[in-house]
Amino acid sequence: MNPYPDFSAAIGHTPLIRLRTASDATGCEILGKAEFLNPGGSIKDRTALGLLDDAEKRGLVHAGTTLVEGTAGNTGIGLALVGTSRGYRTIIVMPETQSAEKIDALRLTGAGVRLVPAAKYADPANYVHQAARLCDEMNATAPGSAWFANQFENLANRAIHEQTTGPEIFDQLDGALDGFVCAAGTGGSLAGIARALKARKPSIRVALADPAGSALAHFINTGELKAEGNSITEGIGTSRITENFKDAPIDLAWSIADTESVPLLHDLLIHEGLCLGGSTGVNIAGAIRLARALGPGHTIVTLLCDAGMRYQAKLYNPEFLRSKQIPVPAWLDRAFPANGGKPA
Ligand code: PMP
């Protein structure tokens, strides 16, 4: 194999991994696309690359432009790394409620990190609006000095998944798949992959797995944006319809509670050696629901979005899980005893 010339070239072309427990339990083949293997550690490397490539093509960025984005973390990590490899500086505005590991990873990239209190989208203090304003201010002082990536509304996000992630899945299985399911944050991955798959094989069923506290599943099922409950998952779920989500061809949608998704992650780690993040738990719960809806004998693909190490202090921390009324498996309690494992 020829060496990749740079960071950007190493993004994508990720393998599919069979999820044994989920497959055996449903009589379907449930396969996860291993997006956590991207060089920046998440599916959002693709988004970052798609947004930046598009901006370069349109002449919106040039040497010296600062990349600015509002993100739950992973897009920021991807954008900062791709940006560094091409000589751009990056500033990220991020809600302070995101995991400490993601904030540290972002700081490690060398990006400027501005943590802001969590605020609803309707509030001007919301991180996305703050990022847009920061970009406007920079451009007011020095025209052309900053570019707002705008992953929620910028359709270059959906396009990169329609051009790469979706076709990769289809080609890896020679078209032999029946369903695709994942959660939505911006909606770029779900919409882009769904469009690519349905264009190639219209019978493929597409489902949305939505975390509790998000309004999207209710919207798909009833037409009304209404959210109930909450979730410890990060980067997914929203209370509004973004440009990227708007036209996603979705056939089925479910709201998934943390008590359903997080135990799947714990089982996956202890039985199959895969340590994955919260959105992946929601995705696998969705894959199991889609498998049950379609019946045995079908092949279903979902996304393994990022690694569990990015959320260790929450998803794999007995004390935190108990505080959220999420069951703690005995092996996790043994791995992280309450006194930190020190002799009594
Ligand atoms: N999982 C994780 C871990 C994420 O960071 C994101 C993006 N915020 C998603 C899933 C959702 O991806 P998308 O924005 O393409 O809907």
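None of these values were measured; they are calculated from a predicted model.

Definitions and limits used
- Residues numbered from 1 in each chain as written.
- Predicted model: local features only at pLDDT ≥ 70, side-chain atom pairs only at ≥ 80, totals over all residues.
- Heavy atoms only, no water.
- Near = heavy atom within 4 Å.
- Polar contact = N/O pair within 3.5 Å; in protein donor to acceptor, adjacent residues only side chain to side chain.
- Areas by Shrake-Rupley, 256 points an atom, 1.4 Å probe, with all protein chains shown as cover.
- Nonpolar A, V, L, I, M, F, W, Y, C, P; charged D, E, K, R; others polar.
- 1 Å grid on protein atoms, 1.4 Å probe; cavity = no way out; pocket = protein on both sides within 12 Å on 5 of 7 lines; lining within 4 Å.
- Points joined across faces, edges and corners; volume = space filled by probe spheres on them.
- Buried < 20%, exposed > 50% of the residue type's maximum accessible area, 1.4 Å probe, protein only.
- Helix = DSSP H or I, 4+ residues; strand = E, 2+ residues; numbered from the N terminus.
- Pairing = 2+ DSSP bridges.
- Axes fitted to C-alpha atoms, helices over the stretch in contact; angles between N-to-C directions.

Participant: What is the right way to look at the site of the ligand in this model?
Facilitator: By nearness alone, 14 residues border the ligand, and Lys44, Gly185, Thr186, Ser189 and Ser279 come closest of all. Residue Lys44 places a side-chain N or O atom 2.6 Å away from an oxygen atom belonging to the ligand. Separating an oxygen atom of the ligand from a side-chain N or O atom of Asn74 is a distance of 2.9 Å. Here the ligand has 390 Å² of accessible area as a free molecule, and 95% of this is covered by the chains. Broken down by class, the residue content of the shell around the ligand amounts to four nonpolar, eight polar and two charged.

Participant: Help me understand empty space enclosed by the protein, please; the structure alone is not making it clear to me.
Facilitator: If a probe as big as a water molecule is rolled over the atoms, it shows which places are left empty. Under the criterion given, the structure shown has one cavity of 30 Å³ or more. Along the walls of the largest cavity sit Ile232, Thr233, Glu234, Gly278, Tyr311, Lys314 and Leu315, which together make up its complete lining. Residues belonging to the lining of the largest cavity are distributed by class as follows: three nonpolar, two polar and two charged.

Participant: Looking at this model, I keep getting lost on the pairing of strand E7 (residues 179-182). Mind explaining?
Facilitator: Within a regular strand, side chains alternate between the sheet's two faces. Burial along E7 is two-sided: Gly179 and Val181 and Phe180 and Cys182, pointing in opposite directions, are all buried. In this structure, E7 lies alongside strand E8 (residues 205-211), joined through four bridges in parallel fashion. Across the sheet, the residue bridging to Cys182 is Leu208, located in E8.

Participant: Would you mind going over the sheet that holds strand E3 (residues 66-70) with me for this structure?
Facilitator: Spatial ordering of the open sheet is given by E5-E4-E3-E6, a layout of four strands whose pairing is parallel. With one partner strand each, in any of the chains shown, strand E5 (112-116) and strand E6 (146-148) form the two edges of the open sheet. If you compare each strand with its neighbour and ignore which way they point, the axes differ by 20° on average. Judged from the five bridges that link them, E3 and strand E4 (residues 89-95) form a sheet pairing that is parallel. The residue bridging Leu67 from the neighbouring strand is Thr90, located in E4.

Geometry only, nothing functional implied.
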